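Structure at a glance
One-letter residues, chain by chain:
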Amino acid sequence: MNSSRPSINWLPYIFLAPAGLYLLVFQGIPLVQEMYLSLTSTSLLTPRNNTFVGFDNYVALFRSQRFLGTVWVTFVYTVSCVVLAIGLGFVTALLLDAPFKGRAIARTIVTIPWAAPPVAVAIIATWIFNAQYGIFNHAQRALGIPAYEGWLDSPQYALPAILIITVWQIFPFSSVVLLAALQGVPKELREAAQIDGANAWHILMAVVWPALRPTVVLLALFVTIWSLRRFDLIWLLTQGGPIGSTNTLVIDLYQRAFVSRDLGAAAAVGMVGLAVALLITLLYIRASYRTDRTEH
Amino acid sequence: MFVTSLTPSEALFAGPSFLPRLAEFGTTYVEALSTIPIVTWLLNSLIVAVGTTVLSIAISLYPAYALSRFRFRGKGIAGLALFATQMLPEAMLVVPLYAIFGQFKLLNSLTGLIFVNAAFSVPVIIWILKGAIDSVPVEIEEAARVDGCSPPGIVLRIVLPLVAPTLAAASVIAFFHGWNEYVFAQTLVSSESLRTASVGLAGFVGELSTPIHSVMAVSVIYTTPAILFYLFVQRFVVAGMTAGSVKG
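A quick note: this is a predicted structure, and the numbers were derived from the prediction, not measured. In this numbering scheme, every chain counts its residues from 1 along its sequence in written order. Going through the entries in the order they are written, you letter the chains from A and number the ligands from 1. Local features in this predicted model are restricted to residues of pLDDT 70 or higher, and side-chain atom pairs are both shown and tallied only at a pLDDT of 80 or more, whereas totals for entire chains, interfaces and linings draw on every residue.

For the rest of this paragraph, the subject is the overall build of chain B. Here a helix means four or more residues in a row that DSSP labels H or I, a strand means two or more in a row labelled E, and each is numbered from the N terminus. From N to C terminus, chain B includes 13 helices and zero strands. The linear arrangement of helices and strands in chain B, starting from the amino end, is α-α-α-α-α-α-α-α-α-α-α-α-α. For every residue, the other C-beta atoms within 10 Å of its own C-beta are counted; 20 or more classify it as buried, 12 or fewer as exposed, and values in between as partly exposed. C-beta atoms are placed from the backbone. Evaluated residue by residue, chain B yields a buried proportion of 50% over its 248 residues. By the convention adopted here, residues make contact when the C-beta atoms placed from their backbones lie within 7 Å. For chain B, long-range pairs separated by at least 24 residues make up 80% of all intrachain contacts whose partners lie at least 6 apart in sequence.

What follows is the structure, encoded as structure tokens:
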């Protein structure tokens, strides 16, 4: 298009401008405002009244035992989501890759949880984990473990309960993506390995896994980032309780902003979460850059 | 959920039962519809979801084309910025957005919800559409260009029809986003007549005074369209999702 003159081609910029402007207004500017808020003492009741306090909010956060608990819960929740959702996704992808009758239907059914609205999932979850009628308490009693309270009301079981529901909702994404990646593994490679006398496990480790690894790593990055910002399921089920046992960074942020009405501290929590997400992304980019260089 | 929606309370509390009486079907659903303003909620959700879909696609198409076809300064940064939006929690931006919406008179309106939902789905949709446009051969566009078609016209008339399946996938993703969204619908809208189904239903979570079979009936009514819609275009969604992430 601009072959005759070596001038700047403005077309891509013109194409990008509306979206850029839109995202700037609805994400960029709010983000900057939130950054500023994190350096102020601001109440939800008088949001225009901010006193600049520097890094006081951050200092207070890292000094509080409660916040360290929040960081720990976020860590456990995120790592468990990554391991369990990708693990379950991997197993189901392997199963769905094998030929069997009704495979097309099975592939569709597996993806349904992903389409279910979180609010509806939360409603079902309150019944699944209900103390008297829920199946988990039934199972507990059947195993001879005393079960007086619903899992969501128990400081010990609330996080596992939230994890079970979260993983159920998000694993289809991993499953679908890994299935597509599996289908990209050349059949001949697997057949060749089979002829060479490799068993299923060896084929999995030597042929399938190396081909899938980049996808798994990328998935891990996405699941991590999405878990760090997940709000509705956790908020609807436990609001971070009981006794902070399911209090992730985002839940803590919302609590501080709308329950304690401390917008400054809430923004600081948000910034910490964002810093963690950024750090993990940078680590990922560096790692994938390195493997790129060693592989080529 | 469906089973529970058809089981009368007494039977439900007697223990886990999986055999609803079909005769209850009519009563439960009529009762749910008369006590809970589910029709209003669903209509609001529908408006938000359709609006989010249309707006997101309209905003995303040209940037996706630009990122796919052109080499230009700042392309890497644009891609990174798109990815960075994935890290922003809705709950974090609610406070500043509330202030901005107040200035634009967008508070307490479904239009406002559409605007904010689109902002969260646009980055994903740009990425998915870019993946699809990548696989459309450039040669196809050359012919149109020779015929004197302008670049925006090429995108609309040549590229758009060729990526139709992915467009369907992207639409479903945006639709779901609007249909399921809870945080903004909860905080940015206050009047009852504008309540979406997600917010309306959220009021029932953990609440025991509303008969559970009514709650379940409403949940079924809320979930079914989403799932049906999803099943309808499931093939394209999966293709779009994998195109976006495997290549990404």
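As a further point, take the overall build of chain A. The helix and strand inventory of chain A stands at twelve helices and two strands. Reading the secondary structure of chain A in the N-to-C direction produces α-β-β-α-α-α-α-α-α-α-α-α-α-α. The principal-axis extent of the C-alpha atoms belonging to chain A is close to 80 × 75 × 35 Å. A total of 296 residues make up chain A; the buried ones form 41% of that total. The long-range fraction of contacts in chain A, counting pairs at least 24 apart against all pairs at least 6 apart in sequence, stands at 65%.

Contacts between the two partners involve 54 residues from chain A, matched on the other side by 59 residues from chain B. Counting only elements with at least two residues in the side of chain A that touches chain B, the list comes to α1 (11-37), α4 (103-115), α5 (118-128), α7 (158-183), α9 (200-229), α10 (232-237), α11 (249-258) and α12 (263-295) of chain A. For this scheme, ten residues count as nonpolar: Ala, Val, Leu, Ile, Met, Phe, Trp, Tyr, Cys and Pro. Four count as charged, namely Asp, Glu, Lys and Arg, and the remainder, Gly too, count as polar. Taken together, the residues that form the side of chain A that touches chain B break down as 42 nonpolar, nine polar and three charged.

Residue and element names in this part refer to chain B. Counting 149 residues, the largest nonpolar core has Ile125 and Leu129 as the members making the most contacts within it. Broken down by element, the residue count for this core peaks at 16 residues, all from helix α7 (residues 110-134). If we ignore the near neighbours within four places in the chain, the residues touching Leu129 are Ser60, Leu61, Ala64, Val163, Thr166 and Ala170. In these notes, a nonpolar core means any group of buried Ala, Val, Leu, Ile, Met, Phe, Trp, Tyr and Cys residues linked to one another through C-beta atoms within 7 Å.

Between its terminal C-alpha atoms helix α4 (residues 38-69) of chain B stretches 46 Å, which fits the 46 Å expected from 32 residues at 1.5 Å a residue. Largest kink in α4 of chain B: about 30°, centred on Ser60 of chain B, with the proline Pro63 of chain B one to four residues after it. Each residue after the first adds 1.5 Å to the expected span of a helix. What the bend at a residue measures is the angle between two axes, fitted to the seven residues ending there and to the seven starting there.

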